[in-house]
Amino acid sequence: METIGLLSGIGHLPVDVALSAKSMGYRVIAVGVVPDIDPELAEAVDAYYDIHIGKIGKIISTLKKNDVKTVTMIGKVTKELLYKAGAVVPDLRAIKILASVPDRKDDTIMNAIVKELEGEGIKVMDQTLLIQPLLPPPGVLTQRMPTEAEVADMDIGQTVVVKDRALMAVEAIEGTDACILRGGTLGKGVIVAKTAKPAQDNRFDMPSIGTKTMESMIAAGATGLVIEAGRTLLVEKEKTLALADAHNITIVAR
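Here, residues in each chain are numbered from 1, in the same order as that chain's written sequence. For this predicted model, a pLDDT threshold of at least 70 governs which residues receive local features, and a threshold of 80 or more governs which side-chain atom pairs are given and counted, while totals over whole chains, interfaces and linings are taken from all residues. No hydrogens and no water enter the side-chain calculation; it runs on all heavy atoms of the structure.

Only runs of H or I of at least four residues qualify as helices and only runs of E of at least two qualify as strands under DSSP, and these elements are numbered from the N terminus. In this analysis, the expected span of each helix is defined as 1.5 Å times one less than the number of residues it contains. An ideal rise of 1.5 Å per residue puts 20 Å on 14 residues; helix α6 (residues 106-119) measures up with 20 Å between its terminal C-alpha atoms. Burial classes: relative accessible area under 20% of the type maximum marks a residue as buried, over 50% as exposed, and values in between as partly exposed (1.4 Å probe, protein chains only). Taken as a whole, α6 has its buried residues at Thr-108, Ile-109, Met-110, Ala-112, Ile-113, Val-114 and Leu-117. Immediately downstream of α6, the backbone of Gly-121 shows phi near 80 degrees, a positive value.

What follows is the structure in structure tokens.
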């Protein structure tokens, strides 16, 4: 049985990925690298550790101790977690990584961490290899079909909020949910569009939607969601679609 490591951020997605990997016959060693990891994760894997992302040296030694040669990085981890008050003091390896990068963008830091892991012989795998069932094919996923006006608004491509083909909000550093809520204050009955970045790195930060997305859409008065088929993860599929159907929200993968 091959062993893989799972470096987990927040959200339910790491649980879905762990269960998918287990169903494929992998032994899964998970490391929660931020606070507030989904409590279900520890129950879904063979071994679980809480090690802050700032302790890169300890993360690597723990993976090696468990004979992990391949890892996947799943769940939200942002640079703010390294700097906010009360955060764990980074170890020497993390400090060297932060000192070596040309900027402090999330992708820049994550790529530097990937390079550090692979320098230790630990390959970082493409996230999509374990989560194909969570990538919806093209089509309408909910019970309600979109109206013609909603289809027109969906023909707009990271997250944007649209009403009558006018752009209400574009996702910035605040994240998807805050973008949806901001857009909803400017126009009820908005459409939310979520896509992967043109140069999306499939080893981390795949775009995803789930129950929290639906809750934000409900609060914003949004009526429809369009996602990029085959490149956007649908987390907790049954719960997410049931929530959408209960509030007459249409979801389309294009």
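Here a salt bridge means any side-chain nitrogen of Lys or Arg lying within 4 Å of a carboxyl oxygen belonging to Asp or Glu. Going through the model one piece at a time under the given rule, you end up with eight salt bridges. Glu-120 is paired through a salt bridge with Lys-64; the nearest N and O atoms lie 2.5 Å apart. Taken together, the residues Glu-120 in the loop between α6 and β5 (123-124) and Lys-64 in helix α3 (residues 56-65) connect sequence positions 56 residues apart. For Glu-120, a relative accessible area of 28% puts it in the partly exposed group. One salt bridge in this structure joins Glu-228 and Arg-231, with 3.5 Å as the shortest N-O distance. Residues joined by salt bridges that share partners form a network here, namely Lys-64, Arg-93, Glu-116 and Glu-120.

The strand order across the open sheet formed by six strands is β6-β13-β11-β9-β7-β8, and the pairing between neighbours is mixed. Because the sheet does not close on itself, it has two edges, and the strands there are β6 (139-140) and β8 (166-170). Think of it this way: DSSP has to see at least two bridges between two strands before they count as a pair. By the bridge criterion, four bridges tie strand β9 (residues 191-194) to strand β11 (residues 224-227) in an arrangement that is parallel. Across the sheet, the residue bridging to Lys-194 is Ile-227, located in β11. In the packing of helix α8 (residues 176-184) onto the sheet, the strands contacted are β7 (160-163), β8 and β9, and the crossing angle to β8 comes to about 140 degrees. Contacts between residues were defined by any pair of non-hydrogen atoms, one from each residue, lying within 4.5 Å. Note on definitions: angles span 0 to 180 degrees between N-to-C directions of axes, and those axes are lines fitted to C-alpha atoms, for helices only across the stretch in contact.

Within the largest apolar cluster, 50 residues are counted, with the highest numbers of intra-cluster contacts made by Leu-7, Val-33, Ile-59, Leu-63, Ile-113 and Leu-117. Every element with two or more residues in this core is listed here: β1 (3-8), α1 (13-23), β2 (27-32), α2 (40-44), α3, β4 (70-74), α5 (92-100) and α6. In terms of residue count, α6 provides more of this core than any other element does, six residues in total. Beyond its immediate chain neighbours, meaning those up to four positions away, Ile-113 contacts Ile-53, Ile-56, Met-73 and Ile-97. Among the nonpolar cores identified, the runner-up in size contains 21 residues, and Met-168, Ala-169, Ile-209 and Ala-253 belong to it. Think of a nonpolar core as a cluster: buried Ala, Val, Leu, Ile, Met, Phe, Trp, Tyr and Cys residues, connected wherever their side-chain atoms sit within 4.5 Å.

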